[in-house]
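Residues per chain are reported as follows:
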Amino acid sequence: MDLKVNKEAVRYCEKICSCTQEQSIELDYVLPDYYPEIFRIVKCIAEPQITACAVNGSKAVYELTVCLKVIYCSEGSNVPQAVEQKLVYSRTAELDRPADAPSVYITAVSDHINCRAVNRRRIDVRGAVTVNVCIMGENVTETVCEAFGENIQLRKKSCLCPSQVIRTQKRAVVSDDLSLSETAPPIGTILRASADVISADKKLIAGKAAAKGELKISVVYTSAEESDEPVSSVQFSLPFSQLVELEGLDDDFRCFINTSVISCTVSPRSEGDGVSRQLECEVLLLIDCYGVKMTETQLACDEYSTTLQSSHTSAPVRIEKTPVPIDSGFSIRGICESKDSPLAAVYDASCSSEGMRLTSSDGRLIAAGNITFTVMGLTESGDFVICETDVPVEEEISSEAGEISPDADIRASFSVTSCTYTITADNTAEVKADITARGWLTDHITTEAITDITVDETAPREAEGDYALRLYFAENGEELWDIAKRYGASMIRIMEENELDGDIVKEAGMLLIPAAQ
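Residues numbered from 1 in each chain as written. Predicted model: local features only at pLDDT ≥ 70, side-chain atom pairs only at ≥ 80, totals over all residues. Heavy atoms only, no water.

Colleague: What is the right way to look at the overall build of the chain in this model?
Modeller: Across its full length, the chain holds two helices and 22 strands. Taken over the C-alpha trace, the chain has a radius of gyration of 32 Å; the compact-globule value for 517 residues is 24 Å, which it surpasses by more than 25%. The buried share of the chain, reckoned over its 517 residues, is 48%. Expressed as a percentage of contacts within the chain between residues at least 6 apart in sequence, the contacts between residues at least 24 apart total 77%. As displayed, the chain offers around 25,100 Å² of accessible surface, 44% of which is attributable to carbon and sulfur atoms. Here the chain contributes 47 positively and 83 negatively charged side chains, and the mean placements of these two sets differ by 2 Å. (Helix = DSSP H or I, 4+ residues; strand = E, 2+ residues; numbered from the N terminus. Rg over C-alpha atoms; globule rule 2.2 N^0.38 Å. Buried < 20%, exposed > 50% of the residue type's maximum accessible area, 1.4 Å probe, protein only. Contact = heavy atoms within 4.5 Å. Areas by Shrake-Rupley, 256 points an atom, 1.4 Å probe, with all protein chains shown as cover. Lys, Arg positive; Asp, Glu negative; His and termini not counted. Charge placed at Lys NZ, Arg CZ, Asp CG, Glu CD.)

This is the structure we're talking about:
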């Protein structure tokens, strides 16, 4: 009888590209004629965004858009002006191997940015952006699950493995026209605009997933009219709901969706009278979807034939555990102060979490990195200022995962759900932010499994005498598989002959070992 071996595919996700790239930023800019001349540069801000990405074979091509904003004051004025330019770069990352339906995770962070006024109408900007590229692809290991013929015996272990995986990402635009309140001053120049996901939910509908939630839109602008408060800040709530195709999704899948903000663009709009009291808002979202069906799988980890010499090959197999959701938050505080003159008024306080990452440390889930607090205000000397401070963060994030391995796959993003400030007695701004991490975590175990079996039909197993039954004294805790393999017997027949209900000897004593048939 020929040996027949059945195999089963064990799927797991692995990194097929993990690298860091740097993009230098250079801009020589001349102010348009309708802008006032530069007297003092307050701040230069670089906001990098990954606005497009495509994987083709063993290459990933992405588009990096850097929004440069220079905020300055003209001579004799404390009302800030802002000029904005967008720089677009096309970059390529090499993959270790091609992959079907890869998941692309690319983030960009401003490394440093410097700005100087060459003259009163010309600006020179130099800086750099760091891009972190991580691309995941599915890999498969074929393992033995059944073997028939040649009196082959298999030892199996049961594992819960992903049998089907659905991954997809969608970029979606959410837009709306936002109106100021009647008491708010009309819009002159927009100094800052941002969007954060403050709530998120999902709904599954027959092979589709609906990503739902609410965005918080924050806008800081100068007034188009003379005012005691030249800078105003407003906030809006913007709901979103986007459908994502997940072909093959059914009730047996666990589904995870994480929505993050790629960019937020806000432009003033007038009703034809030249007065802008409305804002055109456009938010670009990345909707990351992951569906997995977990199935009990039998993996062969040892073998022998009762009649022939046999051998096998084995390999370490990565088995992904059931993913667990991440939805946890923490609070952080920081102090912003003006170095030249104390703050007399604060127009706006904001927080950036782009320097944060989720990692595993000592089996725990840790949010680590820097939170950047920014305050726009007026000093006692009458100057408009922007103050920043970086606060190092290392916060433990609660999860259902238990102890987490160092190379667990963590897919999450951070949102600033609220940001408030108070003016202290020494005229500094104490800023408090609430940060929420959302996404999912997939950990794994590694186990040895048989990948192939061979038997030598010309090499019978050496018999240890001519007997029908052998007596063997078994120790407490001894495994029947080891006993059966040693004597070339069937473990099932040993259990039947001795009326045992398990594969481990519970009490020391004599066992009957039937000869192989």
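Colleague: What exactly am I supposed to notice about empty space enclosed by the protein here?
Modeller: To find leftover empty space, a probe the size of one water molecule is rolled over the atoms. Under the definition given, this model contains two cavities of 30 Å³ or more. Lining the largest cavity, in full, are L27, Y29, L68, V70, V83, E84, Q85, I123 and V125. If you list the elements that add at least two residues to the lining of the largest cavity, you get β1 (4–30), β3 (59–73), β4 (80–94) and β6 (122–148). The element that contributes the greatest number of residues to the lining of the largest cavity is β4, accounting for three residues. Classifying every residue of the lining of the largest cavity gives seven nonpolar, one polar and one charged. Taken together, R11, Y12, C13, E138, V165, R167 and E320 make up the lining of the second largest cavity. (1 Å grid on protein atoms, 1.4 Å probe; cavity = no way out; pocket = protein on both sides within 12 Å on 5 of 7 lines; lining within 4 Å. Points joined across faces, edges and corners; volume = space filled by probe spheres on them. Nonpolar A, V, L, I, M, F, W, Y, C, P; charged D, E, K, R; others polar.)

Colleague: Please explain the sheet that holds β6 as it appears in this structure.
Modeller: Two modes of strand pairing occur in sheets, parallel and antiparallel, and in both the strands are linked by backbone hydrogen bonds. On the basis of which strands lie adjacent, the open sheet formed by three strands has the order β1-β6-β5 and antiparallel pairing. Two strands lie at the open edges of the sheet, namely β1 and β5 (103–119), each paired on one side alone. Strand-to-strand, the axes of this sheet are offset by a mean angle of 5 degrees, without reference to chain direction. (Pairing = 2+ DSSP bridges. Axes fitted to C-alpha atoms, helices over the stretch in contact; angles between N-to-C directions.)

Colleague: Before we go on, may I ask you to explain the packing of aromatic side chains in this structure?
Modeller: Any two aromatic rings considered together are summarised by their centre-to-centre distance and by the angle between their planes. Enumeration according to the criterion identifies seven aromatic pairs in this entry. Through a chain of ring-to-ring contacts, three or more aromatic side chains come together here, namely F256, Y290 and W440. When the ring centre of Y105 is taken as reference, the NZ or CZ atom of R411 above it lies at 4.0 Å. (Phe/Tyr/Trp six-rings, centres within 6.5 Å; stacked < 30°, edge-to-face > 60°. Lys NZ or Arg CZ within 6 Å of the ring centre and 35° of its normal.)

Colleague: Got a minute to help me understand helix α2 (residues 491–498) in this structure?
Modeller: Buried residues of α2: M491, I494, M495 and N498, and no others. Looking straight down α2, one finds its buried side chains confined to an arc of 100 degrees; they lie on one side. Just past α2, the residue E499 takes up positive phi, approximately 55 degrees. (Arc of directions from axis to C-beta.)

Colleague: In this structure, what is going on with the layout of surface pockets? I would like to understand it.
Modeller: Put simply, the second largest pocket is a space of about 430 Å³. If you trace the second largest pocket, you find 20 residues lining it, with S338, K339, D340, I386 and C387 closest to the centre. When residues of the lining of the second largest pocket are traced back to their parent elements, those giving at least two are β2 (40–56), β14 (324–336) and β17 (384–396). By residue number, the principal contributor to the lining of the second largest pocket is β17, which donates six residues. By residue class, the composition of the lining of the second largest pocket is eight nonpolar, five polar and seven charged.

Colleague: Help me understand the pattern of salt bridges in this model?
Modeller: It is possible for side chains bearing opposite charge to pair when their charged atoms get close. Tallied over the entire structure, the rule returns 23 salt bridges. Residue R155 pairs with E479 through a salt bridge whose shortest N-O separation is 2.1 Å. Here the residue R155 occupies a position in strand β7 (residues 152–179), and E479 occupies one in the loop between β21 (469–474) and α1 (480–487), the gap between them amounting to 324 residues. Where salt bridges share partners, they join R116, D124 and R126 into one cluster. (Salt bridge = Lys/Arg side-chain N within 4 Å of Asp/Glu carboxyl O.)

Colleague: What is the right way to look at the pairing of β3 in this model?
Modeller: Looking along a regular strand, one sees side chains alternate from face to face of the sheet. Burial runs high along β3: 12 of the 15 residues are buried. Remark: two residues form the turn of the hairpin made by β2 and β3, two consecutive strands paired antiparallel; G57 in that turn has positive phi of roughly 65 degrees. Here 15 bridges tie β3 to β4, and the two strands are oriented antiparallel to one another. Residue pairing across strands places A60 opposite A93, the latter belonging to β4. In sequence, β3 turns back onto β4 through a hairpin of six residues, with G76 there showing a positive phi of about 75 degrees.

Colleague: For this particular structure, what's the right way to read a nonpolar patch on the surface?
Modeller: On the surface, a nonpolar cluster with roughly 340 Å² of combined accessible area is contributed by L471, F473 and M510. Along the chain, M510 turns up in strand β22 (residues 509–514). (Patch = residues over 30% accessible without salt bridge, like charges linked within 9 Å, V, L, I, M, F, W, Y side chains within 5 Å.)

Colleague: How should I be thinking about the sheet that holds β3 in this particular structure?
Modeller: Reading across from one edge, β2-β3-β4 is the order of the three strands in this open sheet, with antiparallel pairing throughout. Every other strand in the sheet has two partners, leaving β2 and β4 as the edge strands with one partner each. Mean inter-strand twist for the sheet, computed between neighbouring axes without regard to direction, equals 15 degrees.

Colleague: Can you help me understand the environment of V324 in this one?
Modeller: Along the chain, V324 turns up in strand β14. For the pair V324 and G363, spaced 39 residues apart in the sequence, the C-alpha separation amounts to 15 Å. Residues in contact with V324, not counting those within four places in the same chain, are F256, E400, A401, W440 and L441.

Colleague: Explain unusual backbone geometry to me, please; I cannot follow it from the model alone.
Modeller: Residues other than glycine predominantly adopt negative phi, and peptide bonds predominantly adopt the trans conformation. Phi is positive for D362, close to 55 degrees, though the residue is something other than glycine. Looking at the element boundaries, D362 is found in the loop between β15 (343–361) and β16 (364–379). One non-glycine residue, N427, lies in positive phi territory at about 60 degrees. Following the sequence through the fold, N427 ends up in the loop between β18 (409–423) and β19 (429–442).

Colleague: Teacher, can you tell me more about the pairing of strand β11 (residues 254–270) here?
Modeller: Direction of pairing for β11 relative to strand β12 (residues 276–305): antiparallel, over a ladder of 16 bridges. Note that in β12 the partner of V261 across the bridge is L285. The turn joining β11 and β12, which pair antiparallel and follow one another in sequence, is formed by five residues; a positive phi near 105 degrees is taken by G272.

Colleague: Whenever I open this one, α1 confuses me. Can you help?
Modeller: In an α-helix, one full turn covers 3.6 residues, which means residues spaced three or four apart are oriented alike. For α1, the full list of buried residues reads L480, W481, I483, A484 and Y487. In an axial view of α1, the angular spread of the buried residues amounts to 165 degrees, which keeps them on one side of the axis. The inward-facing, buried residues of α1 contact β7, β12, β21, α2 and β22. Positive backbone phi, at 65 degrees, marks G488, one or two positions downstream of α1.

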